[in-house]
There are 2 protein chains.
Amino acid sequence: MRSTQRYDEAVAGVGVGHTAELGLDAPLTLDCGVDLGPFAVAYQTYGELNEDRSNLILVCHALTGDQFVTGANPITGKEGWWPFMVGPGLPFDTDRYFVVCANVLGGCMGTEGPKSVNPRTGKPYGLSFPVITIKDMVRAQAMLLDRLGIEKIFCVCGGSMGGMQALQWAVTYPERVHAAIPIGSAAHHTAQNIALHEVGRQAIMGDADWRDGDYVSHGAIPRTGLSVARMAAHISYLSEAAMHRKFGRQLQDRNSVSYGFGADFQVESYLRHQGTVFVERFDANSYLYLTRAMDYFDLVKEYDGVLADAFEGCPTRFCLISFTGDWLFPTPESRKIVHALNAAAANVSFVEIDSDKGHDAFLLDEPEMFETIRGFLMGAAEHWSGGTP
Amino acid sequence: MRSTQRYDEAVAGVGVGHTAELGLDAPLTLDCGVDLGPFAVAYQTYGELNEDRSNLILVCHALTGDQFVTGANPITGKEGWWPFMVGPGLPFDTDRYFVVCANVLGGCMGTEGPKSVNPRTGKPYGLSFPVITIKDMVRAQAMLLDRLGIEKIFCVCGGSMGGMQALQWAVTYPERVHAAIPIGSAAHHTAQNIALHEVGRQAIMGDADWRDGDYVSHGAIPRTGLSVARMAAHISYLSEAAMHRKFGRQLQDRNSVSYGFGADFQVESYLRHQGTVFVERFDANSYLYLTRAMDYFDLVKEYDGVLADAFEGCPTRFCLISFTGDWLFPTPESRKIVHALNAAAANVSFVEIDSDKGHDAFLLDEPEMFETIRGFLMGAAEHWSGGTP
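Please read all numbers here as calculations on a predicted model, not as lab measurements.

Definitions and limits used
Residues numbered from 1 in each chain as written. Chains lettered and ligands numbered in written order. Predicted model: local features only at pLDDT ≥ 70, side-chain atom pairs only at ≥ 80, totals over all residues. Heavy atoms only, no water. Domains from an automatic or database assignment. Buried area = accessible area lost by both parts, 1.4 Å probe. Salt bridge = Lys/Arg side-chain N within 4 Å of Asp/Glu carboxyl O. Polar contact = N/O pair within 3.5 Å; in protein donor to acceptor, adjacent residues only side chain to side chain. Nonpolar A, V, L, I, M, F, W, Y, C, P; charged D, E, K, R; others polar. Pairing = 2+ DSSP bridges. Helix = DSSP H or I, 4+ residues; strand = E, 2+ residues; numbered from the N terminus. Axes fitted to C-alpha atoms, helices over the stretch in contact; angles between N-to-C directions. Contact = heavy atoms within 4.5 Å. Phe/Tyr/Trp six-rings, centres within 6.5 Å; stacked < 30°, edge-to-face > 60°. Buried < 20%, exposed > 50% of the residue type's maximum accessible area, 1.4 Å probe, protein only.

Asker: Account for the domain arrangement of chain A, with residues named and values stated.
Answerer: Size of an interface, as often reported, equals the accessible area lost when the parts are brought together. Residues and elements named next belong to chain A. You can read the domains of chain A as domain 1 (2-192 + 294-382) and domain 2 (195-284). Centre-to-centre, using C-alpha coordinates, domain 1 lies 26 Å away from domain 2. Among the residues of domain 1 in contact with domain 2, T64, W327 and D356 are the three that bury the most area, contributing 25% of the side total. Applying the counting criterion to the domain 1 and domain 2 interface returns 2 salt bridges. Ionic pairing is found between R201 and D295, a salt bridge with its closest N-O pair at 2.7 Å. One can count 12 residue pairs in polar contact (both at pLDDT 80 or more) joining domain 1 with domain 2. Tallied by class, residues from the side of domain 1 that touches domain 2 come to 10 nonpolar, 8 polar and 5 charged.

Okay, structure coming up:
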């Protein structure tokens, strides 16, 4: 299969789970106006689809996540990113639900993105890959579900950029989404969010090895830029309190400062490590594209400044979750969405969870989040006419 | 004069105000153990020293500040960084006080730093310049005051890194400091502070043009790295609210997004501009040295975990100021110092000013800050036995 082969070239033969080649009959018309197709979407599934195809939970991953939600990630060799959430007996109980997660459009884990080979040129797209949006990601996922023969989603859920997708799903395909759980998310990126992303992009694009986005052809990788981007982003994922608890001012393998520019402090060593391992698993151009998609996300503007209009007549049941210690997607951003949903007379519940772990809390073992989701799914199942989830 | 000549080479003949060559008789023994001397300290003065030399206000500048507190900065051509604070009739009234500000050790505006020419090699120090600390900066300032024949400081004041110096002055030379005003400061850098600085340093040191710190000899400048460092830091100087008010999601000279990686948003354009102009005025190695000095600053550790011991018997009158919207040096950090001063039975007042402008608030037109300082100086003058300030 062409798409698989193309991706295999990119990841040196490591399997990426399932891959669907989409847009064969008709291309996907992106928000930027470009027709994309055919294109690959890599995805992973957990649990079994039931007979009436009514038990789908679609998980949408965050900026640097991927389709490997739980179990071993064959690319990194590490555990998936949401092991507490998905599995037998867990909130997304794979004994009951069919859980699907697809690598987003523009990503670098098997779905079409700037690292993919452009069939028209035989070379990686690089910056010739069209700029995509959150809505484009969702459209591609809808095409995947069409391919899988699943019309209705019992529940779509994601944190951060995944939460943006969950919101966009309910807005773009309200009739297909029974329930949605956007976690630590927002209806649009704030100036500070955009600024933080722009620092990362400038670090990447300013790296001499970026080579105008064509580094793959040159056998180069903008390691420094991508690493710095990750380091800056990582700070924004943690709260000040979490960093203090984890590292404080503790020194790294030394009793006193070195009077130099090595990693004297544990927090420096940790950040450098985060940067280094990220470069091994993530594509620099994908980082540009996905941060851009987040920056562009703006449901408020799309509905002429009235967010409630985005949810007019939307039958989806919503559960929004935020964390007190999240300064990247703080509670007021979730509250704006809740107010809009209330104004649109939509069905919505909202939980702000007390946690000082920062934005990353949604990825962690947060019992209150799990309980909230279990309860919400139970209620959603009671109101589900699509079948037995 | 050697130091002036050396600095003139560095800044292409632009005047830097006064320059003192210090450490001629005896070197300055730095915390790292290196003996530095002779070395240049560039400084600027405002107002007149009175007859009994009792009217000195020593201003300590922040990370990227310099000695040009007010009036035109001859290097940048722009206005000084604290025009609201220093001048006739202003809080630091130059009709009454003699205001001195020296470029810090390790800086790049005329005081000895990594950009200076090492007389032993005839080349810029680069990374062979010894790593300095906040205490080293203060020691060099003390040597400058000795040279100027001023024994006692009526008041020492600074924000951010300047506040660290003000604290260090009172701790190291308590008998020389009648009053101290540390603004938006801390007794030590937090893990998040260190992390943010480390991102900037990694951006600089990862820039191919940094050349192991020897870029001057190679006729290069690590522009990208320094610019990215500045952009990341700049975000931390503003509050989310200030960024939202200033930029929101407004586009830059366009009606719709470009589906590209240009500066679509005003906040991106602004940050890029901040990065670009910073590269023109600041030395990349100085940025490494000064951020390191801030990271190393730790009055708590220096006094074995009991900050109050730092102020034992200290006769200095303190006024601490913090801002509600400052997330880089938040109020709790100032409060820790206030508690320690109280525990040491020192004379201290503390004002938290309601401002959502972020860390940079101390540089802005903040009437409550000015009133606080006016009132504090009036009280300090009443208790000043050093003469008529």
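Once you've had a look at it, read on.
Asker: Lay out the sheet that holds strand β12 (residues 177-183) of chain A with the relevant residues and their values.
Answerer: The pairing of strands in a sheet happens through backbone hydrogen bonds and is either parallel or antiparallel. All names here are of chain A. Pairing in this open sheet of 8 strands is mixed, and the strands run β1-β4-β8-β5-β11-β12-β13-β14 from one edge to the other. Of all the strands in the sheet, just β1 (18-22) and β14 (347-353) have a single pairing partner and so form its edges. Between one strand axis and the next, the sheet turns through 20° on average, direction left out of account. Packed onto the sheet, helix α2 (residues 134-148) meets β1, β4 (39-46), β5 (56-60), β8 (98-102) and β11 (153-159) and runs at close to 105° relative to β1. Contacting β5, β11, β12 and β13 (317-323), helix α3 (residues 161-172) runs over the sheet at an angle of about 145° to β11.

Asker: So what about the packing of aromatic side chains? Which residues, and what values?
Answerer: For any pair of aromatic rings, geometry is given as the distance between the ring centres together with the angle between the planes. Enumeration over the complete set of coordinates arrives at 35 aromatic pairs over all chains. Measuring from ring centre to ring centre gives 5.8 Å for A:F278 and A:Y287, while their planes differ by 80°; the resulting arrangement is edge-to-face. One exposure class covers both A:F278 and A:Y287, and it is buried. Ring plane angle 85° and centroid distance 6.4 Å describe the contact between B:F282 and B:Y287, whose orientation is recorded as edge-to-face. We classify B:Y287 as buried; its relative accessible area is 2%.

Asker: Give me the pattern of salt bridges: which residues, what numbers.
Answerer: For the structure shown, the criterion picks out 40 salt bridges over all chains. Close ionic contact of A:R374 with A:E371 constitutes a salt bridge, the shortest N to O distance being 3.6 Å. Here A:E371 and A:R374 lie together in helix α12 (residues 367-382), a separation of 3 residues that amounts to about one turn. For A:R374, a relative accessible area of 31% gives the class partly exposed. Where B:D356 meets B:R245, a salt bridge forms, and the shortest distance between an N and an O atom there is 2.7 Å. Of this pair, B:D356 sits in the loop between β14 (347-353) and α12 (367-382) while B:R245 sits in helix α6 (residues 240-246); the two residues are 111 residues apart in sequence, bridging distant segments of the chain. Each of A:E198, A:R201, A:R292, A:D295, B:R254, B:D264, B:E268 and B:R272 takes part in one network of salt bridges that share partners.

Asker: I'd like a rundown of the pairing of strand β12 (residues 177-183) of chain B, residues and numbers included.
Answerer: Residues and elements named next belong to chain B. A large share of β12 lies buried, amounting to 7 of its 7 residues. Bridging between strand β11 (residues 153-159) and β12 involves 6 bridges; their strand directions are parallel. Within β12, the position partnered with C157 by the bridge is I181. Strand direction decides the pairing type here: β12 and strand β13 (residues 317-323), joined by 3 bridges, are parallel. Within β13, the residue paired with A179 across the bridge is R317.

Asker: Which residues make up the interface of chain B and chain A, and what values go with them?
Answerer: Between chain B and chain A, the contact holds 56 residues from the first and 55 residues from the second. Together, the buried faces of chain B and chain A total about 4500 Å²; carbon and sulfur atoms form 68% of this surface. Linking chain B to chain A there are 10 salt bridges. Put simply, A:E268 and B:R201 hold a salt bridge, and the shortest N to O gap is 2.7 Å. At the junction of chain B and chain A, the tally comes to 28 residue pairs in polar contact (both at pLDDT 80 or more). Broken down by secondary-structure element, the contributors of at least two residues to the side of chain B that touches chain A are α4 (191-205), α5 (223-237), α6, α7 (266-281) and α8 (284-296) of chain B. With 11 residues, α4(B) is the single largest residue contributor to the side of chain B that touches chain A. Residue composition of the side of chain B that touches chain A, grouped by class: 29 nonpolar, 15 polar and 12 charged.

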